[in-house]
Amino acid sequence: MQANHPFQNDEGHAGQSIHNLVYCSRGAADMDEAEIAKIIATAQRHNPKFGITGLLVFGSGYFFQWLEGPRDNVQSLMKIISADPRHDSVVVLSQEDEIRERLFPDWAMELVEAEDIRVVLEDAVEDARDPKQKKALALMLKELNAG
Ligand SMILES: Cc1cc2nc3c(=O)[nH]c(=O)nc-3n(C[C@H](O)[C@H](O)[C@H](O)COP(=O)(O)O)c2cc1C
């Protein structure tokens, strides 16, 4: 990432709500474990600087990613990610401002393999107190089950 990268690290300002964005996309045909490990390493290197946490799911050739953090930072990152040739058909499933508490406060970017993700998502749907969180997670689960 360049020094003039359009992020601002405004995490922690009073009154700032946490923005969260969930999208799915189709991985490039040559996507493999090594490439995914590179993506995760990049994310884990960059995201903490910008107050971004989240979850990346890869399974059956598709990505699901949950990004949460200051709105400007999440949107700047999403622009960068959308332009990444390692995936296409990026569809934003939900994007909201109102969540005050992070779902994944300790994960700079956690990779979840598809065989685990149903259980993780089912648990997260169960645990979600905010109906909007529940809805976004249930949507991810539905997309995943649809194959
Ligand atoms: C599915 C997917 C998810 C990604 N997630 C992140 C992310 O959470 N954080 C990040 O910095 N880059 C992420 N990237 C990588 C960015 O698109 C981009 O390559 C990277 O930010 C550029 O960093 P660099 O200039 O240090 O190489 C992701 C890429 C893909 C394909």
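For every chain, the first residue of its written sequence is number 1, and the numbers climb from 1 along that sequence. Residue-level local features of this predicted model are given only where pLDDT is at least 70; pairs of side-chain atoms are given and counted only at 80 or more, and the full residue set underlies all totals for whole chains, interfaces and linings.

Overview of the overall build of the protein
Phase 1: For helices the rule is a DSSP run of H or I covering at least 4 residues; for strands it is a run of E covering at least 2, with both sets numbered from the N terminus onward. Counting secondary structure elements, the protein contains four helices and five strands.
Phase 2: Seen in sequence order, the protein has helices and strands lined up from the N terminus as β-α-β-β-α-β-β-α-α.
Phase 3: Partly exposed residues are those falling between the two cut-offs: more than 12 but fewer than 20 other C-beta atoms within 10 Å of their own, whereas 20 or more means buried and 12 or fewer means exposed, with C-beta atoms placed from the backbone. Taking all 147 residues of the protein together, the buried fraction comes to 26%.
Phase 4: A separation of at least 24 residues holds for 75% of the contacts in the protein among residues at least 6 apart in sequence. The contact criterion used is a C-beta to C-beta distance within 7 Å, with each C-beta placed from the backbone.

Observations regarding the pairing of strand β1 (residues 18-27)
Phase 1: Within β1, seven of the 10 residues are buried, which leaves the element mostly enclosed by the surrounding structure.
Phase 2: Bridge analysis of β1 against strand β3 (residues 62-70) gives nine bridges, and the strand direction is antiparallel. Along β3, the bridge assignment pairs Ile-18 with Pro-70. Strand pairing is assigned whenever DSSP identifies at least 2 bridges connecting the two strands.

So, helix α2 (residues 71-82)
Phase 1: Multiplying 1.5 Å by the helix residue count minus one yields the expected span of that helix. An ideal rise of 1.5 Å per residue puts 16 Å on 12 residues; α2 measures up with 16 Å between its terminal C-alpha atoms.
Phase 2: Taken together, the buried positions of α2 are occupied by Asn-73, Val-74 and Leu-77. For α2, the angular spread of buried residues about the axis comes to 95 degrees, placing them on one side.
Phase 3: On the buried face of α2, the contacting elements are β1 and β3. Here the arc refers to the directions that run from the helix axis out to each C-beta atom.

Digging into unusual backbone geometry
Phase 1: Phi angles above zero are rare outside glycine, and Ser-89 is one such case at about 50 degrees.
Phase 2: Structurally, Ser-89 is set in strand β4 (residues 87-99).

Description of the environment of Gly-51
Phase 1: Secondary-structure assignment places Gly-51 in the loop between α1 (33-46) and β2 (53-59).
Phase 2: Assessed through the 20 C-beta atoms surrounding it within 10 Å, Gly-51 is described here as buried.
Phase 3: Taking the C-alpha atoms as reference points, Gly-51 and Ile-18, 33 residues apart in sequence, are found 9.8 Å from one another.

Focus: the confidence of the model for the protein
Phase 1: Mean pLDDT over the protein stands at 80; residues scoring 70 or higher make up 82%.
Phase 2: Confidence per residue, as judged by the predictor, is encoded in pLDDT with a range of 0 to 100. Considering each helix and strand of the protein separately, the mean pLDDT is smallest for helix α3 (residues 114-127), with a value of 73, and largest for α2, with 97.
Phase 3: Low pLDDT, under 50, characterises residues 1-14; the predicted model gives this stretch 16 contacts beyond four residues in sequence or across chains.

What to know about the pairing of β2
Across a regular strand the side chains alternate sides, sitting on one face of the sheet and then on the other.
Phase 1: For β2, the buried fraction is high: five of the seven residues fall into the buried class.
Phase 2: Bridging between β2 and β3 involves seven bridges; their strand directions are antiparallel. The residue bridging Gly-59 from the neighbouring strand is Tyr-62, located in β3.

Topic: the environment of Glu-122
Phase 1: Its location among the elements puts Glu-122 in helix α3.
Phase 2: Each C-alpha atom of the pair Glu-122 and Leu-137 lies 8.2 Å from the other, and the pair is 15 residues apart in sequence.

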